[in-house]
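Descriptive structure summary
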Amino acid sequence: MSVDTARPAAPPPAGLDNRVVVDGTALSWRDLPELRLPAPVALLAHRARYALAAARHHAVHGTELLITTASRADSVLRTELSEAGFTVTDTGGADLTPSRPRAGEAGRLWLLTSGTTGRPKRVGHTLESLTTVRGRQPDRTWLCPYAPGSYAWWQVVTLSLTQPGQHLVVVEPEQLDDWPALAATHGVDAASGTPTFWRRALHRDPAALARVPLRQLTLGGEPVDQAILDRLREVFPTTRISWIYASSEVGAAIVVHDGRAGFPVEWLDRPAPGRPTLGVRDGELVVTSPYHGVGLAGPIRTGDRVQIVDGRVLITGRLDSDEINVGGSKVSAGAVRDVLTAHPQVAWARVGARRAPLLGHLVVAEVVPTATVGPPDEAALVRWCADRLPEYAVPRRIRLLPEIPVKETLKSDV
């Protein structure tokens with residue numbers, strides 16, 4: 001790998017002396033490996049320290065950069081990146097040189113979308129567009145469980161890089177099940193994760209979770225229902241709990257601190273200088289954002305389905321997967337999921353469709369029971385749903401799972 005000279009070195013990031021805990025070892029940003037990166041480069045990180053070192057390198061040198069994990073980069077993606085002019089650098093193996101070399105674009109960062117609607121796409125950003133927290137913040141030690149290179153990962157990383165007093169404790173994949181012990185050991189008092197991430201922690205060891213002295217708890221990346229907010233409030237009665245809506249395309253668009261699912265309907269179509277404008281078009285969330293990716297402008301359709309209930313705008317799931325047609329009646333998978341997760345014996349639920357004669361589809365579900373109470377009876381769960389949902393929306397089959405499934409993105413395809 002050669003040294004990139006895309007632009008003169010920028011002033012040192014303000015957070016270089018912040019503490020960074022990787023692989024259980026406390027370092028600072030300055031102590032991370034010094035990488036020599038060509039431009040443009042796609043870094044496939046096997047360990048967090050190399051992803052963090054690449055982020056620091058970009059902050060100083062402006063190298064055109066895409067970071068992702070080696071496990072996300074299959075042979076097709078590697079070929080696509082090579083054909084787009086990237087040197088594909090695998091920190092655990094050999095480089096793949098670009099098949100169509102080009103000059104690097106100074107200051108450009110690339111993110112991969114989650115790929116929920118197909119193959120991941122590249123979305124262009126800058127460090128400026130990814131740094132959405134700029135005002136002076138109280139000193140915090142943040143937990144970072146996200147996969148390197150994701151939008152949520154960059155949100156925590158840019159905070160620590162650009163703000164003094166914002167320390168970082170990184171969770172590697174093999175530490176995911178026991179992260180509360182790691183967090184308690186290193187004084188984590190702020191943590192961000194998906195609802196699936198928090199549900200797994202609550203399910204596996206709520207006592208260990210309660211020992212983490214959190215002052216700030218953030219969740220996003222998936223639909224956030226009232227049940228998970230209420231359960232987190234029980235464990236952390238004095239902690240500020242926030243949910244955030246953000247994506248690679250539109251950036252951070254919604255932040256809610258009031259402990260209720262969704263956001264107030266009064267926020268719709270309310271322009272404010274420097275802030276995203278939210279709208280609903282044909283049941284889909286539409287965002288006009290100053291933090292959008294390169295090449296995007298104006299109202300951007302997010303692909304997320306919303307419902308307005310009791311003065312709140314609820315995000316229920318992806319348009320292409322949330323709606324189930326049962327004999328001509330439309331069912332929201334998210335609404336059924338929220339009913340199931342509100343049951344005191346259900347820790348997690350996933351709702352889908354199964355083909356059926358005459359009706360076209362039937363609603364089916366998978367649930368993980370809470371660890372502290374015996375598993376619920378399937379018939380009792382069906383009755384619970386029947387008391388709260390129209391007859392056609394009641395799951396006809398509910399399968400119990402032993403553990404909450406989670407992907408590398410910390411999501412579980414709910």
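Residues numbered from 1 in each chain as written. Predicted model: local features only at pLDDT ≥ 70, side-chain atom pairs only at ≥ 80, totals over all residues. Heavy atoms only, no water.

1. A few points about the sheet that holds strand β3 (residues 41-45)
As a general point, the strands of a sheet are linked pairwise by backbone hydrogen bonds and lie either parallel or antiparallel. The mixed open sheet is built from six strands, whose spatial order is β6-β5-β3-β4-β7-β8. Single-partner strands in this sheet number two, and they are β6 (95-96) and β8 (122-125). As defined by bridge partners, β3 adjoins strand β4 (residues 65-69) across five bridges and the pair is classed as parallel. In the sheet register, Ala 42 faces β4, and the bridge partner there is Leu 66. Along the sheet face, helix α1 (residues 48-61) touches β3, β4 and β7 (109-112) and points at about 170° away from the line of β4. (Pairing = 2+ DSSP bridges. Helix = DSSP H or I, 4+ residues; strand = E, 2+ residues; numbered from the N terminus. Contact = heavy atoms within 4.5 Å. Axes fitted to C-alpha atoms, helices over the stretch in contact; angles between N-to-C directions.)

2. Some points on the packing of aromatic side chains
Enumeration according to the criterion identifies five aromatic pairs in this entry. Seen from their ring centres, Trp 153 and Trp 154 are 5.1 Å apart, and the 80° between their planes marks the pair as edge-to-face. For Trp 153, a relative accessible area of 2% gives the class buried. Ring geometry for Trp 179 versus Trp 198: centroids 5.7 Å apart, planes at 85°, classification edge-to-face. Remark: Trp 198 occurs in helix α6 (residues 195-204) and Trp 179 occurs in helix α5 (residues 179-185); sequence separation between them is 19 residues. The class of Trp 198 is buried, set by a relative accessible area of 0%. The ring of Phe 86 has Arg 102 sitting right over it, with the charged end atom 5.3 Å from the ring centre. (Phe/Tyr/Trp six-rings, centres within 6.5 Å; stacked < 30°, edge-to-face > 60°. Buried < 20%, exposed > 50% of the residue type's maximum accessible area, 1.4 Å probe, protein only. Lys NZ or Arg CZ within 6 Å of the ring centre and 35° of its normal.)

3. What to know about the pattern of salt bridges
Following the criterion strictly, the structure yields 27 salt bridges and no others. Glu 64 is the partner of Arg 102 in a salt bridge, and the nearest nitrogen-oxygen pair spans 2.8 Å. On the criterion of sequence distance, the pair formed by Arg 102 in the loop between β6 and β7 and Glu 64 in the loop between α1 and β4 is long-range, its members being 38 residues apart. Through salt bridges that share partners, Asp 23, Arg 47, Arg 49, Glu 172 and Glu 174 make up one connected network. (Salt bridge = Lys/Arg side-chain N within 4 Å of Asp/Glu carboxyl O.)

4. Points about the nonpolar core
Soluble globular proteins tend to bury their nonpolar side chains together. Grouped together as the largest cluster of nonpolar side chains are 78 residues, with contacts concentrated most on Leu 52, Trp 153, Trp 179, Trp 198, Leu 219 and Ile 254. Not counting residues up to four positions away in its chain, the partners in contact with Ile 254 are Trp 243, Ile 244, Tyr 245, Phe 263, Trp 267, Leu 278, Leu 285 and Ile 315. (Core = buried A, V, L, I, M, F, W, Y, C linked by side-chain atoms within 4.5 Å.)

5. Focus: the packing of α1 against helix α4 (residues 151-162)
Contact geometry of α1 with α4 gives a least axis separation of 11 Å together with a crossing angle of 60°. On the basis of their axis angle, the class for α1 and α4 is oblique. Viewed along their axes, α1 and α4 form a crossing whose handedness is right-handed. Touching Ala 51, Leu 52, Ala 55, Arg 56 and Ala 59 of α1 are Trp 153, Trp 154, Val 157 and Leu 161, all from α4. When its residues are assigned to classes, the contact of α1 with α4 shows eight nonpolar, no polar and one charged. (Parallel < 35°, antiparallel > 145°, perpendicular 65-115°, else oblique. Left-handed = near helix turned anticlockwise from the far one by under 90°. Nonpolar A, V, L, I, M, F, W, Y, C, P; charged D, E, K, R; others polar.)

6. Thoughts on unusual backbone geometry
What is expected of a backbone is that most residues other than glycine have negative phi and most peptide bonds are trans. Here the amide bond leading from Ala 39 into Pro 40 is cis, since omega sits at -5°, within 30 degrees of zero. One can find Pro 40 in the loop between β2 (25-28) and β3. If you check the backbone angles, Asp 310 has positive phi at about 50° while not being a glycine. Tracing the backbone through its elements, the reader meets Asp 310 in the loop between β18 (300-309) and β19 (312-318). A positive phi angle, near 70°, is found at Leu 410, a position not held by glycine.

7. A short note on the pairing of β2
In the case of a regular strand, side chains alternate between the two sheet surfaces. Note: strand β1 (residues 19-22) against β2, four bridges, orientation antiparallel. Counted as the bridge partner of Val 21 is Ala 26 from β2.

8. What to know about the pairing of β3
Taken across its five residues, β3 has five buried, putting it largely inside the fold. Along β3, one buried face is formed by Val 41, Leu 43 and Ala 45 and the opposite face, lined by Ala 42 and Leu 44, is buried too. Following the chain from β3 across α1 to the adjacent parallel β4, one finds a crossover that is right-handed. Taken together, the four bridges between β3 and strand β5 (residues 87-90) define a ladder with parallel strand orientation. Bridging from a neighbouring strand, Ala 42 pairs with Val 88 of β5. (Right-handed = clockwise from strand over helix to strand, strands pointing away.)

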